[in-house]
Amino acid sequence: DVGNALGFDTAYSEKVAVPDAERAIREYINAGYKTIWIHGNQFNSAAYKVGDENKNVVFIVEEDARPANPRPNFWYFDRNYYTGFYALGVLAALKSSTGKIGYIGGLEIPFTHGEINAVTQALVDLQNKDGIKVSFEHVYVGDFNDPLKTRQAAEAMMAKGIDVIISAVNLGNFGLYSAVKEAKSPVFITTTYTSKADQAPDNYLTSDLFDFKVPLREVLSRTLKGETGGYILLDYGPEKARYIELPIRNVTDAVSQKVQGIAEDVAAGKIKVIKNLNEILTPEAILQTE
């Protein structure tokens, strides 16, 4: 989309294994590509190695904070993962009929700490302001792309009465869809990146959406003007790089309006979502931080 708008050729590679990343990057350079977007920071080590050897090539990489020592030929996308999970936490709490919600993640790494902390903060705020008390359990399955482990984690949560699951896995979601569709009682889910409404329509609520066209358009426009590097925060809000998918499905109008209002307050800065990627915070620690 951005390539068509700005008038340049594009190409892409999917399902690149981490050990193959360096080879794939070098193939693009050898083919004459001058800007390379590395999607997923598991590939960043390869990008930094090749980028340091090819100063005339511009790289776009994804991180979770502003780099302390930015490279001159690198653009850094700060993915801002944690912010949108505040709204997802509110939604999960308001939708739950059992008062129990869960989070399934792939690996325990900094940005997933931030996601869990944002949900916990949302639940703390909801209890303090509206008197709604919800228990929250999180689990890591060890892989973002393992449907079997994700399904097993979902089934274990459902056995405990958890009826809303916030998913933070990727291909693992296919195990989640099966689990919730076969559940004896209604169980609902949220996802990340793109809409998954067609996968489990009766169980799906919303997704924490990423629109990479927004930051790509900015970076590539500036690159065409001669800028070879910089920092871009993936801002949260309507028409920005990050926002909740609307309309929210399988909820009442009252819940939809409440969650949309929360998302708008987060986007406007009226609600300050705590950024702590170092550790998973307890509700008590969240209160002290706020």
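The structure we're discussing is the one just above.
The rules behind the values
- Residues numbered from 1 in each chain as written.
- Predicted model: local features only at pLDDT ≥ 70, side-chain atom pairs only at ≥ 80, totals over all residues.
- Heavy atoms only, no water.
- Pairing = 2+ DSSP bridges.
- Helix = DSSP H or I, 4+ residues; strand = E, 2+ residues; numbered from the N terminus.
- Axes fitted to C-alpha atoms, helices over the stretch in contact; angles between N-to-C directions.
- Polar contact = N/O pair within 3.5 Å; in protein donor to acceptor, adjacent residues only side chain to side chain.
- Contact = heavy atoms within 4.5 Å.

1. Here's the deal with the sheet that holds strand β6 (residues 164–168)
Across the sheet, six strands lie side by side as β5-β4-β6-β7-β8-β10; this open sheet has mixed pairing. Looking along the sheet, the strands with just one partner apiece sit at the ends: β5 (135–140) and β10 (242–244). Sheet twist, expressed as the mean angle between neighbouring strand axes with direction ignored, is 15 degrees. Of the pairings in the sheet, the one linking strand β4 (residues 100–105) to β5 comprises six bridges and is parallel in character.

2. What to know about the side chain of Thr192
Tracing the chain through its elements places Thr192 in strand β7 (residues 188–193). Polar contacts involving the side chain of Thr192 include one to the main-chain carbonyl oxygen of Ser167, which spans 3.4 Å. Ignoring anything within four residues of it in the chain, the contact list for Thr192 reads Phe85, Ser167, Ala168, Ser207, Asp208 and Phe210.

3. Some thoughts on the sheet that holds strand β3 (residues 74–78)
Reading across from one edge, β1-β2-β3-β9 is the order of the four strands in this open sheet, with parallel pairing throughout. Both outer strands of the open sheet, β1 (35–37) and β9 (230–233), are each paired with one neighbouring strand and no more. Across the sheet, the mean angle from the axis of one strand to that of its neighbour is 20 degrees, orientation sign disregarded. Sheet analysis places β3 next to β9, joined by four bridges and oriented parallel. Considered in β9, the bridge of Tyr76 is made with Tyr231. Where helix α3 (residues 44–53) meets the sheet, it contacts β2 (58–63) and β3, and its direction lies at approximately 155 degrees from that of β2.

Functional significance is not addressed by these values, which are geometric in nature.
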